[in-house]
Amino acid sequence: MFTETIVHAGGDSRGPVSESHALMLLRRALNRGFGSEATLNGGASIRWTRIDLTTHQPVLRSITLTPEMPVGTLDASTRAHLALIGLGDARHVLTADSRHIVAGDTVIPTGETARLRARRLVAVDDRGRVRLTLAARLGLLARDHTQAGGPDSFAMCSCGLTTSAPSGEIAGNVQRGHRQRVLARFVESIDAAYAAAISSR
Ligand SMILES: [Zn+2]
């Protein structure tokens, strides 16, 4: 679940939306050419401008998606487990004394399995299939593409992309464009199976 905050002419409105609705919003933003960025908390921000019909001036509009539980700190071990689960085919296994996830050849112990579920980083369906939540995927994406500080006219993304520009503002805009393309590619890469899995909840 996410909270959707819409900034429109009349002010802000907010309400709860499902994962599949959040994905629909991201896909719609992509189709309309709106710039969207993943956020570290596992949400996204979608921004566009619209010409106000009264003043004929461009006005900024936005939709912010905030996960019900922020992704929070991900240590190396958690990230490694999420990466394995993200490959697909992970299963939640129940035995007499254990409830753990098996991802490939790796067994994620009961305690860590419980933490991943409690933090809403993974979801388990009624057949025991485990998937990353949309919030986890967005949070990982944002961590892979965080802008690091630098001199005014120089900016660097955590993926290694560096930008040198006449001003810090231009460098920042280039980096933002890069993050928007990264999210666009991510949204395009979401396959039908994943979209179906989040819709079936
Ligand atoms: Zn990057």
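Residues numbered from 1 in each chain as written. Predicted model: local features only at pLDDT ≥ 70, side-chain atom pairs only at ≥ 80, totals over all residues. Heavy atoms only, no water.

(A) Here's a closer look at the sheet that holds strand 13 (residues 162-164). Spatially, the 3 strands line up as an open sheet ordered 11-12-13, and their pairing is antiparallel. What marks the edges here is a single partner per strand, and that holds for strand 11 (147-148) and strand 13. Of the strand pairs in this sheet, strand 12 (residues 154-157) and strand 13 are connected by 3 bridges, and their pairing is antiparallel. Each bridged residue has a counterpart across the sheet, and for Phe 154 the counterpart in strand 13 is Ser 164. Here helix 5 (residues 168-189) sits on the sheet in contact with strand 11, strand 12 and strand 13, set at roughly 20° to strand 12. (Pairing = 2+ DSSP bridges. Helix = DSSP H or I, 4+ residues; strand = E, 2+ residues; numbered from the N terminus. Contact = heavy atoms within 4.5 Å. Axes fitted to C-alpha atoms, helices over the stretch in contact; angles between N-to-C directions.)

(B) Layout of the coordination of the zinc ion. At this site the zinc ion is bound by His 145 (ND1), Cys 157 (SG), Cys 159 (SG) and His 178 (NE2), with donor distances of 2.0 to 2.3 Å. Around the zinc ion, the 4 donor atoms sit at angles spanning 104 to 118°, and that spread fits a shape best called tetrahedral. Read from N- to C-terminus, the donor residues coordinating the zinc ion fall into the pattern H-x11-C-x1-C-x18-H. Pair noted here: Cys 159 is in the loop between strand 12 and strand 13 and His 178 is in helix 5, with a separation of 19 residues, a long-range link. Residue class for His 178 comes out buried when judged on its relative accessible area of 10%. (Donors = N, O, S within 2.8 Å, 3.2 Å for Na, K, Ca; no water. Tetrahedral: all angles 85-135°; square planar, octahedral: opposite > 155°, others 65-115°. Buried < 20%, exposed > 50% of the residue type's maximum accessible area, 1.4 Å probe, protein only.)

(C) Structural view of the sheet that holds strand 3 (residues 35-38). Across the sheet, which stays open at both edges, the 5 strands sit in the order 2-1-5-4-3 with antiparallel pairing between neighbours. Only two strands of the sheet have a single neighbouring strand rather than two, namely strand 2 (11-17) and strand 3. Between one strand axis and the next, the sheet turns through 15° on average, direction left out of account. When strand 1 (residues 2-8) meets strand 2, the two strands line up antiparallel, connected through 7 bridges.

(D) Molecular detail of the packing of helix 4 (residues 134-144) against helix 5. Following both chains from N to C, one finds helix 4 and helix 5 inclined at 145°, their axes separated by 11 Å at the closest point. You can see that helix 4 and helix 5 cross each other, and the crossing is right-handed. On helix 5, the residues that touch Leu 134, Arg 137, Leu 138 and Leu 141 of helix 4 are Val 182, Leu 183 and Phe 186. Of the residues assigned to the contact of helix 4 with helix 5, the class counts are 6 nonpolar, no polar and 1 charged. (Left-handed = near helix turned anticlockwise from the far one by under 90°. Nonpolar A, V, L, I, M, F, W, Y, C, P; charged D, E, K, R; others polar.)

(E) Quick peek at the pattern of salt bridges. Enumeration over the complete set of coordinates arrives at 7 salt bridges. Close ionic contact of Glu 37 with Arg 176 constitutes a salt bridge, the shortest N to O distance being 3.9 Å. Highlighted residues: Glu 37 in strand 3 and Arg 176 in helix 5, separated in sequence by 139 residues. With a relative accessible area of 15%, Glu 37 lands in the buried category. In this structure, Glu 112 engages Arg 115 in a salt bridge whose closest nitrogen and oxygen atoms are separated by 3.2 Å. On the criterion of helical spacing, the pair formed by Glu 112 and Arg 115 is a turn pair, its members being 3 residues apart in helix 3 (residues 110-118). One continuous salt-bridge network, built from bridges that share partners, spans Glu 37, Arg 176 and Arg 179. (Salt bridge = Lys/Arg side-chain N within 4 Å of Asp/Glu carboxyl O.)

(F) Structural context of unusual backbone geometry. The residue His 56 is not glycine, and still its phi comes out positive at about 60°. Assignment of secondary structure puts His 56 in the loop between strand 4 (44-51) and strand 5 (58-67). Positive phi, normally seen in glycine, also occurs at Asp 89, with a value near 65°. Relative to the elements of secondary structure, Asp 89 occurs in the loop between helix 2 (76-86) and strand 6 (90-94).

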